[in-house]
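Structural description and commentary
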Amino acid sequence: MARLLIIDDDPDITEILDLYGDFLGYEADVAPGWQEAGKHLAGKRFYSAVFCDLTLQGTNGLQIFEKISGLDPRLAGRFVLLTGAVMDEGVERQIKAKKIRLVKKPFNFEDIKAALQSMEGPVDTRSLILQSAKLPAVPLVAAKILALIGQENTTIEDLKDAIMADSSLTTRILQMANSVFFRFRQNVDTISDAVSVLGFNTIRSVTLAVSTRDIYRPFGLLEEKLWEHNLGVSLASGAIAAEIRSGREEAAIAGLLHDTGKLVMNSNQPERYLFLAQSVQEEKVPFHTVETEVFGFGHAEVGSLLGEKWGFPDILSGAILYHHSWKSFDKAVQGDVRELCLIVALADALCTRLGIGYKSPMPELDLGEKELQRLLKIDDGRYGEIASKFKETFLNEKMHFM
Ligand SMILES: [Fe+2]
Ligand SMILES: [Fe+2]
């Protein structure tokens, strides 16, 4: 739910603002002064608007405006100053110069509604992310490989040279080519083999997938868990896809990339994200719910924007974007994207229940496993078999990759 921060030492004012906000669909945090407001802001929630009185004990609304814009520049455009009818000329000049929104007391419901509506409408997730998250660039070698794959006359030899220029990428591609995702094919010993056996399109996806590992900096316990979760979901997605005769490799890659947004958010704001991950574990609430509360957006949106920047195939970006909102598919999501997305969502629900990528199993955190199983038409018997086989294979695969 969208939130407001109200800073005023007059309880009558905060009460009425809280009430108006409630009526307009906002939840409010109230603070009588800067100290308490600072605590709310340190709780790292995203506020749709901040209402602040001009005259406060020991400080004033203009100083608070400066502090808040320093803490989170997005809030400068979401700040509303509440003032008395008569104002000092100097103060009025400053407010104008800084283009701060103003609501004069006594105000009514319409004044508050208009102030909220003037703030770029509802929060536009895309621009919010672009304003506040730094999306990493495709690593250089990967960019070169992707460019080569995009050219018509590229040969296996060209691609091999480009891949082998990076020894860690070479190792990771070989590892992936020989992992259980592709093991139903022949053994792959060299990069030339990998390219000819897997084909250009798969090499492209594998390159993208292994390159996301470079986003994990620094590589600590949380990063390890996030990586483990992606691996698990990848493996489970492949198994589920095989069961319903859908593209197994594509599903494995989508699984590996489905939570890449978490890595970006984590590398942007490691302390905030660690705190968030702890509350997911302790309070048993899904990541995307806590993220939206804290950042104003979730990892699925960040991941799909990264996909746009890195040139993921559309089907992949689509599956990433909707993997937590599959219940509200709209007309934009149909056919293959829908199926891939449901596969990844089911694999995600399974891994979460089993605690893969978490400290312990999370049966309380139901991501809609039963419903997804039904939508994909997998009966209980078959699903039980897939799940228990997956648990076994995962332990083996984990050793290779961790
Ligand atoms: Fe996710
Ligand atoms: Fe996930």
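Everything below is about the structure printed above this text.
This one's a predicted model, so the numbers in the text were calculated from it and none came from an experiment. Counting starts from 1 at the beginning of each chain's written sequence and moves along it residue by residue. As they are written, the chains are lettered A onward and the ligands numbered 1 onward, keeping that order. The predicted origin of the model limits local features to residues at a pLDDT of at least 70 and limits the giving and counting of side-chain atom pairs to 80 or more, whereas totals for whole chains, interfaces and linings rest on all residues. Derived side-chain values reflect all non-hydrogen atoms in the structure, with water molecules and hydrogen atoms excluded from consideration.

1. Overview of the coordination of the iron ion (ligand 2)
Donor selection uses N, O and S atoms within 2.8 Å of the metal (3.2 Å for Na, K and Ca). Since no water is included, sites may look incomplete. Those protein atoms acting as donors to the iron ion (ligand 2) are His-229 (NE2), His-258 (NE2), Asp-259 (OD) and Asp-348 (OD), and they sit at 2.2 to 2.4 Å. Site shape is set this way: if four donors have all angles between 85 and 135 degrees, tetrahedral; if opposite donors are over 155 degrees apart and all others between 65 and 115, square planar for four donors and octahedral for six; otherwise irregular. Between the four donor atoms coordinating the iron ion (ligand 2), the angles at the centre fall across 78 to 168°, so the site counts as irregular. Within one chain, the residues serving as donors to the iron ion (ligand 2) are arranged as H-x28-H-D-x88-D.

2. So, the nonpolar core
Residues grouped as a nonpolar core are buried Ala, Val, Leu, Ile, Met, Phe, Trp, Tyr and Cys residues, joined through side-chain atoms within 4.5 Å. Each residue is placed in one exposure class: buried if its accessible area under a 1.4 Å probe, protein chains only, is under 20% of its type's maximum, exposed if it is over 50%, and partly exposed if it falls in between. Core analysis: the largest hydrophobic core is formed by 91 residues, its most contacted members being Ile-173 and Ile-203. To qualify as a helix, a DSSP run of H or I must reach at least 4 residues; to qualify as a strand, a run of E must reach at least 2; elements of each kind are numbered from the N terminus. Ranked by residues supplied to this core, first place goes to helix H18 (residues 335-354) with twelve residues. Only heavy atoms enter the contact rule, under which two residues are in contact if any of them lie within 4.5 Å. Contacts of Ile-203, omitting those with residues within four sequence positions, involve Ile-149, Leu-159, Ile-163, Ile-173, Ala-194, Val-195 and Leu-198. Counting 21 residues, the second largest nonpolar core, distinct from the first, contains Leu-5, Leu-81, Val-91 and Ile-100.

3. Overview of the sheet that holds strand E3 (residues 49-53)
Taken in spatial order, the five strands of this open sheet run E2-E1-E3-E6-E7, and their pairing is parallel. At either end of the open sheet lies a strand with only one pairing partner, and these are strand E2 (27-31) and strand E7 (101-104). Here the strands of the sheet are splayed against their neighbours by 20° on average, with no regard to which way each runs. Strand pairing follows a simple DSSP-based rule, namely that at least 2 bridges must link the two strands. Bridge count between E3 and strand E6 (residues 79-83): four bridges; the pairing is parallel. If you follow Asp-53 over to E6, its bridge partner there is Leu-82. Structural elements are reduced to axes, namely lines fitted to C-alpha atoms, with helices fitted over the stretch in contact, and the angle between N-to-C directions of any two is expressed from 0 to 180 degrees. Those strands touched by helix H2 (residues 34-42) are strand E1 (3-7) and E2, and its axis lies near 140° from that of E2. Together, E1, E3 and E6 form the strand contacts of helix H3 (residues 61-71), whose direction differs from that of E6 by roughly 170°.

4. Side note on the pattern of salt bridges
By salt bridge we mean one thing: a side-chain nitrogen of Lys or Arg within 4 Å of a carboxyl oxygen of Asp or Glu. According to the stated counting rule, one finds 14 salt bridges in the structure shown. Where Asp-29 meets Arg-3, a salt bridge forms, and the shortest distance between an N and an O atom there is 3.1 Å. Placement of the pair is Asp-29 in strand E2 and Arg-3 in strand E1, with a sequence separation of 26 residues. For the pair Asp-29 and Arg-3, one class covers both residues: buried.

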